[in-house]
Amino acid sequence: MDMQSAAFQSEALTTPMIKQRVSNFQPQHLAYLSLIFDMGLFVLAGVAAAVWAGPAGGSLYRLSQILTASLLLIAFLACCRIARLHEPLNLVRTGSFRHLLKASLCFGIPPLVALAICLPYLRNTETEVHHFLTWMSWFAVFAVVFAVLSRITFFAALPLISVRIMRPQRIAVVGAGESARRLIGWLEATNPDLFTIVGVFDDRDRERTARSGVAGLIRGNTADLIDLYKSSAFDKIVIALPHSAEERLLHLLRRLRQLPVDIVLGPDLVGFQLPEGGRTDIAGLQVFSLADRPIREPQRILKGTLDQIAAALLLLLLSPLLLTAALAIKLDSPGPILFRQPRQGLGDRLFDVFKFRTMHVALGDPAGENQTRRDDPRITRVGLWLRRTSIDELPQLLNVLIGDMSLVGPRPHTPHMLIGDKRHFEIVDEYSFRHRVKPGITGLAQVNGYRGAVDTPEHLRARIHYDLYYIDHWSLWLDFKILCRTAFICFSGVNAY
């Protein structure tokens, strides 16, 4: 395979940006949907078996059927997990006999095992016992039939799904040596429809990388990789370096952990000789996870959906208050009602945050270098009241609706904010780690007394401590507790000026 061919370069370097604008549907999303669909099929098999077996027994018998079906569904999910039935690489092999056999076993084993357990009671002459065994037998038959039919249908529709809907997972490779060449060759040979290489990045000088087997795919160094994410997001970083390069690996990890993507260590040269098996991550290759996304895909979707629903409801419920605040701003001083300012968001990408204007236009600070201080002469009369009650933050509900922010998360800062004579990232090395999740209207630091301006390095370190704790221990329950505490303290005026 010619790694420097023009066709391969065009596919690897330009396709990701185009497909990103068309669809965000990835192979992993297809895995989640297929799991939900199979769960529905399994339940449908139980219902179809009950209808086929005919009516029998009273309400207590029906309850026992429902409880049994629930236990079987749990057993079915366990079988799918063991067989890795819904991993993207296995899904694209739907048409293979091996996958059909796996699916049939996952669907059929739970009811067959339950039937085997119940067989000793076959001598019982009670009608309900015989009916239960009949139902279990038909359950196994319908489950296997549905499994095979669904796989055949899915295999027939897979080309349409791949071309029209599904976006390949975008992968950035760090390292331009032999490991990178073998990795890209493996991905291309295994299933190119599932993965797209956005480029190869290496910090070594050009003379050394120009002689590598992937020279035509090199797009710069790790600084260029970080900048690329701001304009064209990708899904995973694979560090393709010898595992013995300990210092170099740790240095790369410290730099790249600021990005909200999965970072994995690719196999060493011997890893390409290992057979498929065990836990795999990319096209059957075993990789070692170095840093996972703090909020996984299903959790991220759930959190984002709840955020946007809550933001829409709050905007509707608070509309009288918002209109009153807007009218007061307009009557108090000349200038726009809303204030927009660039802030650092997910993956260190900039977005415009919305707030009610609380300063005189001529005295404002669009770049955000100078933080607000107590008795700040730039603040208007209405602005002082809005800040004390945190009402000036409410327009950020629009940012939540747009998708730039969450209700709960680390507060977004301006990229030019100064603390003394230094910027935030110059004071705390781990500062950029807080950008691995979306920023929030409120956060754990704010409900623990760190609200308002960040005026000392100690204050900044304390905030980062709470932000990183939130990221590492995120849960919907933690979000709920922070929102409840925010509702109690937002009108206190503490540290708000």
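Preceding this section is the structure that the text describes.
Bear in mind the structure is a predicted one, so any value in this text is a computation, not a measurement.

A. Fine view of the overall build of the protein. Scanning the protein for helices and strands turns up 17 helices and 12 strands. Looking at the 497 residues of the protein, the share that counts as buried comes to 48%.

B. Main features of the packing of aromatic side chains. The final tally for this structure, using the stated rule, is 13 aromatic pairs. Plain terms: the ring middles of Tyr229 and Phe234 are 5.3 Å apart, the flat faces sit at 85° to each other, and that makes the pair edge-to-face. Exposure remark for Phe234: the relative accessible area of 1% places this residue in the buried category. Looking at Arg257, its charged tip hangs above the ring of Phe433, at a distance of 4.7 Å from the centre.

C. Up close: the pattern of salt bridges. Summed over all chains, the structure comprises 15 salt bridges. The closest approach of N and O atoms between Arg434 and Asp467, which form a salt bridge, is 2.9 Å. Of this pair, Arg434 sits in the loop between α15 (424-427) and β12 (440-442) while Asp467 sits in helix α16 (residues 457-472), placing them 33 residues apart in sequence. Here the two residues Arg434 and Asp467 agree in accessibility, since each one is buried.

D. Expanded view of helix α12 (residues 319-332). In a regular helix each residue adds 1.5 Å, so 14 residues correspond to 20 Å; α12 covers 20 Å between its end C-alpha atoms and thus fits that length. Residues of α12 that are buried: Leu322, Ala325, Ala326, Ile329 and Asp332. Buried residues of α12, seen end-on, are gathered within an arc of 135° and therefore sit on one face of the element. Exposed side of α12, more than 90 degrees from the buried face: Pro320, Leu323, Thr324, Leu327 and Leu331 are the residues found there. Where the residues of α12 are buried, they touch α11 (297-317), β8 (350-356) and α13 (381-389).

E. Geometry of the state of the cysteines. All told, the structure shown has zero disulfides when counted by the stated rule. Cysteine Cys106 shares no disulfide, and the gap to the nearest cysteine sulfur, in Cys80, comes to 4.5 Å.

F. View of helix α5 (residues 97-118). Here α5 is 22 residues long and its end C-alpha atoms lie 31 Å apart, about the 32 Å a rise of 1.5 Å per residue gives. At Ile109, α5 is bent by approximately 40°, the largest bend along its length, and proline Pro110 sits one to four residues beyond.

G. Highlighting the nonpolar core. Counting residues in each nonpolar core, the largest one holds 38 residues, and the members touching the most others are Phe356, Leu386, Leu460, Tyr470 and Ile482. When residues of this core are traced back to their parent elements, those giving at least two are α11, α12, β8, α13, α14 (396-402), β9 (406-408), α16 and α17 (476-489). Residue contributions to this core peak at five residues, all from α16. If sequence neighbours within four positions are ignored, Ile482 has contacts with Val408, Thr442, Gly443, Leu444, Val447 and Tyr470. Listed in part, the 28 residues of the second largest apolar core include Leu73, Cys80, Leu115 and Phe146.

Definitions and cut-offs
- Residues numbered from 1 in each chain as written.
- Predicted model: local features only at pLDDT ≥ 70, side-chain atom pairs only at ≥ 80, totals over all residues.
- Heavy atoms only, no water.
- Helix = DSSP H or I, 4+ residues; strand = E, 2+ residues; numbered from the N terminus.
- Buried < 20%, exposed > 50% of the residue type's maximum accessible area, 1.4 Å probe, protein only.
- Phe/Tyr/Trp six-rings, centres within 6.5 Å; stacked < 30°, edge-to-face > 60°.
- Lys NZ or Arg CZ within 6 Å of the ring centre and 35° of its normal.
- Salt bridge = Lys/Arg side-chain N within 4 Å of Asp/Glu carboxyl O.
- Expected span 1.5 Å × (residues − 1).
- Arc of directions from axis to C-beta.
- Contact = heavy atoms within 4.5 Å.
- Disulfide = S-S within 2.5 Å.
- Bend = angle between axes of the 7 residues up to and from the residue.
- Core = buried A, V, L, I, M, F, W, Y, C linked by side-chain atoms within 4.5 Å.

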